Amino acid sequence: MGEHSETPCVEANPDIAGIGVMIAMITQAALSFVPPTLAILDRRITREEREQIIVLPWGNLVLLCSLLVTGVSQARSNSLSAYHGLMISTLAWVLEGNLISVILYSTMFQRPLA
């Protein structure tokens, strides 16, 4: 009863699931929903607002591509655990959400420009 059984842990990988990476990506994704929401709530969309909303997802796509490149390179060298693979797919969905919302915005809310 005095024996201590160690459970296997996932080796930390701060390139994918570090606290800084997580905070940066979730903050970027969350803040990228603010301008489209404000543009829709005031019920008046100017030409500048429309252009900014359409350009907005590019920052998320850059982060998404860098995360995917990191994941693919680590998977090729067999140093990517299943946990970190799931973290990559989850963060990809979080970052991709704004792109989907902009596509929906551009197709559903085509109003005359103010």
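Anything mentioned here points back to the structure above.
Along each chain, numbering runs from 1 in the same order as the chain's sequence is written. This being a predicted model, a pLDDT of at least 70 is required before a residue's local features are given, and a value of 80 or more before pairs of side-chain atoms are given or counted; all residues contribute to the totals for chains, interfaces and linings. Only hydrogens and water are removed before side-chain values are computed, so all heavy atoms of the structure are retained for them.

A.B. asks: Describe the side chain of N13, naming the residues involved and giving the relevant values.
C.D. replies: By definition, any uninterrupted DSSP run of H or I lasting at least four residues is a helix, any uninterrupted run of E lasting at least two residues is a strand, and each is numbered from the N terminus. One can find N13 in the segment before α1 (14–17). The cut-offs for exposure are 20% and 50% of the maximum accessible area for each residue type, with area from a 1.4 Å probe on protein chains only; residues under the lower value are buried, those over the upper are exposed, and the others partly exposed. A relative accessible area of 12% means that N13 is categorised as buried. We call two residues in contact whenever any of their non-hydrogen atoms come within 4.5 Å of each other. Residues contacting N13, with those up to four places away along its chain left out, are G18, Q74, S79 and H84.

A.B. asks: Give a description of the packing of helix α2 (residues 19–31) against helix α5 (residues 57–76) that names residues and reports values.
C.D. replies: In contact at an axis separation of 10 Å, α2 and α5 are set at 150° when each is read in the N-to-C sense. Considering their axes alone, α2 and α5 lie roughly antiparallel with respect to each other. Viewed along their axes, α2 and α5 form a crossing whose handedness is left-handed. Across the interface between the two elements, M25, Q28 and A29 of α2 pack against G59, N60, L63 and L67 of α5. Of the residues assigned to the contact of α2 with α5, the class counts are four nonpolar, three polar and no charged. Axis lines are fitted through C-alpha atoms, for helices just across the contact stretch, and the angle between N-to-C directions can take any value from 0 to 180 degrees. Note on angle classes: values under 35 degrees are labelled roughly parallel, values over 145 roughly antiparallel, values of 65 to 115 roughly perpendicular, and the remainder oblique. Each helix crossing is assigned a hand: it is left-handed if the near helix lies turned anticlockwise from the far helix by less than a right angle, otherwise right-handed if that turn is clockwise. Only Asp, Glu, Lys and Arg are considered charged, only Ala, Val, Leu, Ile, Met, Phe, Trp, Tyr, Cys and Pro nonpolar, and every remaining residue, Gly among them, polar.

A.B. asks: Outline the nonpolar core, listing residues and values.
C.D. replies: Taken as a class, soluble globular proteins show a tendency for nonpolar side chains to be buried jointly. Only buried residues count toward a nonpolar core. Its members are Ala, Val, Leu, Ile, Met, Phe, Trp, Tyr and Cys residues joined through side-chain atoms within 4.5 Å. Counting 11 residues, the largest nonpolar core consists of I16, M22, M25, A29, L64, L67, M87, I88, L91, A92 and L95. Residue assignment for this core shows that the elements contributing at least two residues are α2, α5 and α6 (82–108). The leading source of residues in this core is α6, at five residues. Residues within four places of A29 in sequence aside, it is in contact with N60, V94 and L95.

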